[in-house]
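A structural walkthrough
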Amino acid sequence: MARGHHDVGGLPGAGPIDQSQHELSDWEILADAVNQALGAKGIKRTDEMRRAREEMDSAAYRDMTYYERWIASIEAILIEKKILTREEIDRKLAQFDSKWGEP
Amino acid sequence: MSTGSDDHGHDHPKNELSHHAKRIYAIRDLLLEKGVISDKDIQCQIEYQEARSPANGSKLVARAWVDPTFKARFIADPKAACAELGIDATAINEFVVLENTETVRHMVVCTLCSCYPRPILGRPPDWYKSFNYRQRSVVDPRGVMSEFGLDLADDVEVRVHDSTADIRYIVVPLRPSGTEDWSEADLAKLVTRDSMIGVMDPLPAIPV
Amino acid sequence: MNASAAKFKPGDRVKVRFEDRPGHLRTPWYVRGKTGWVERVYGKFLNPESLAFGRDGLPKKTLYLVAFNQCDLWGKANKADKLLVDIYEHWLDPAA
């Protein structure tokens, strides 16, 4: 075993603290709300979400933004609990892509 | 299938969202279709979060500054003290108040993720969630404070709390000098969110 | 005998176990194997290591506020400075 990628206290190489603040996008507000709603209904616990983020690919963990990590862990836990499947999420997304068009 | 209820109008067209950003819309729609959660559940959470902000904390601190018996109650039973001021802290499992003095400053971090007293202060700032803060705050708190404008003498004790469990911490910063006859409302304006995390002192009474 | 009484009290010197096992561990790497002292006893909480895997979190574990001298953790540091971490009882052993 090794130190988890989330266990970052005291790791060297950290730079100055960027104090800028970004306004939350709609998708981030939604991710936050879906996470809280799932918790309020007792469908998942915060501890499970943290564990899912610890189990992520380490490079992805560093590269993703905060709410992207939340979305990845929401998806992982819903799939683990067999509430959703990856295939149906992919299918739904394909429907969106055809509706939203090419970027 | 509902995809329109969240279109507030600002930011990117949906086809330009990142992979994960798009996925939350798919997840949301599927959860609604399957009846796992409802639109109302989601709206409720959005409104709950919007009602939470650092203003709650500033109110508590300003009251603690003017009323020593309230301060004592706040430290002894923070959730009850919140209720006195109409602030709903019930979502916090356990809540501890850290009082700064002339000789002690506290600073709060969650190195393992980004735990934060959200039910009182709202969402944490981006910097609190950053890797740089999570990495440096425990080993170089004085350096971090310095970046926020706080340079402490060597004989001031710095106490960093890493909130690794269910305890949520809030700092009661030191009351600025020259505010002896100020109103609570004016005092609250000096209590910044960052001073309740502990990386800086509150604003001074006279602008620099 | 009160089987659920807290093992440690404020002032007790404690050493954090160095464990390196799979699972959801909430004891940060930087304090594992280090020695500090108990500042507060927070009482019993459900065990996050169990909750994280959908289990019931029982038996509850006593949670402590454990303080460390910064200079004991990192070498060079202000002598007065402290670092305080919330640590569960099963991670702590008595220290001299």
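Worth saying up front: this structure is predicted, and the values here are computed from it rather than measured.

**Describing the packing of helix H1 (residues 26-40) of chain A against helix H1 (residues 19-33) of chain B**
Orientation of H1(A) relative to H1(B), taken along the N-to-C sense of each, is 45°, at an axis distance of 9 Å. One finds that H1(A) runs oblique with respect to H1(B). The handedness of the crossing between H1(A) and H1(B) is left-handed. Counted together, A:Trp27, A:Leu30, A:Ala31 and A:Val34 of H1(A) and B:Ala21, B:Ile24, B:Tyr25, B:Ile27 and B:Arg28 of H1(B) form the full contact between these two elements. Considering only residue class, the contact of H1(A) with H1(B) consists of eight nonpolar, no polar and one charged.

**Re the interface of chain C and chain A**
Listed as interface residues are 12 residues of chain C and, on the opposing side, 11 residues of chain A. Considered class by class, the residues forming the side of chain C that touches chain A number eight nonpolar, two polar and two charged.

**Structural notes on the interface of chain B and chain A**
Contact residues are listed per partner, giving 45 residues for chain B and 50 residues for chain A. Sorting the residues of the side of chain B that touches chain A by element identifies H1, helix H2 (39-50), helix H7 (126-129), helix H8 (131-139) and helix H9 (141-147) of chain B as the ones contributing at least two each. At 11 residues, the largest contribution of residues to the side of chain B that touches chain A is made by H1(B). Here the residues of the side of chain B that touches chain A are counted per class, giving 20 nonpolar, 10 polar and 15 charged.

**Some remarks on helix H3 (residues 54-66) of chain B**
All names here are of chain B. Given a rise of 1.5 Å per residue, 13 residues ought to cover 18 Å, and the 19 Å separating the end C-alpha atoms of H3 matches this to within 8%. Extensive coverage of H3 is indicated by the burial of 10 of its 13 residues. Those residues of H3 not exposed but buried are Pro-54, Asn-56, Gly-57, Ser-58, Lys-59, Leu-60, Val-61, Ala-62, Ala-64 and Trp-65.

**Considerations on the sheet that holds strand S1 (residues 13-16) of chain C**
Strand order in the open sheet made by the seven strands is S2(B)-S3(B)-S4(C)-S3(C)-S2(C)-S1(C)-S5(C), with mixed pairing throughout. The sheet terminates laterally at strand S2 (104-109) of chain B together with strand S5 (92-94) of chain C, the two strands that pair on one side only. Mean inter-strand twist for the sheet, computed between neighbouring axes without regard to direction, equals 35°. Pairing analysis gives seven bridges linking strand S2 (residues 35-45) of chain C to strand S3 (residues 61-69) of chain C, with the strands arranged antiparallel.

**Description of the domain arrangement of chain B**
Often, the extent of an interface is quoted as the loss of accessible area upon association of its parts. According to the domain assignment, chain B contains domain 1 (14-50) and domain 2 (54-197). Relative placement of domain 1 of chain B and domain 2 of chain B: their C-alpha centres are 32 Å apart.

**Remarks on the environment of A:Pro16**
Examined against the element boundaries, A:Pro16 turns out to sit in the segment before H1. Sequence-wise, A:Pro16 and A:Ala52 are 36 residues apart; in three dimensions their C-alpha atoms are separated by 29 Å. Here A:Pro16 is in contact with B:Asn132 and B:Glu147, once residues within four sequence places are set aside.

**Things to note about the nonpolar core**
Grouped together as the largest cluster of nonpolar side chains are 61 residues, with contacts concentrated most on B:Val61, C:Val66 and C:Ile87. Every residue in contact with C:Ile87, bar those within four places of it in the chain, is listed here: C:Val16, C:Thr27, C:Tyr64, C:Val66 and C:Leu92. Judged by nonpolar contacts, the second largest core, of 27 residues, contains A:Trp27, A:Ala33, A:Trp70 and B:Ile42.

The rules behind the values
- Residues numbered from 1 in each chain as written.
- Chains lettered and ligands numbered in written order.
- Predicted model: local features only at pLDDT ≥ 70, side-chain atom pairs only at ≥ 80, totals over all residues.
- Axes fitted to C-alpha atoms, helices over the stretch in contact; angles between N-to-C directions.
- Helix = DSSP H or I, 4+ residues; strand = E, 2+ residues; numbered from the N terminus.
- Parallel < 35°, antiparallel > 145°, perpendicular 65-115°, else oblique.
- Left-handed = near helix turned anticlockwise from the far one by under 90°.
- Contact = placed C-beta atoms within 7 Å.
- Nonpolar A, V, L, I, M, F, W, Y, C, P; charged D, E, K, R; others polar.
- Expected span 1.5 Å × (residues − 1).
- Buried ≥ 20, exposed ≤ 12 C-beta atoms within 10 Å, placed from the backbone.
- Pairing = 2+ DSSP bridges.
- Domains from an automatic or database assignment.
- Core = buried A, V, L, I, M, F, W, Y, C linked by C-beta atoms within 7 Å.

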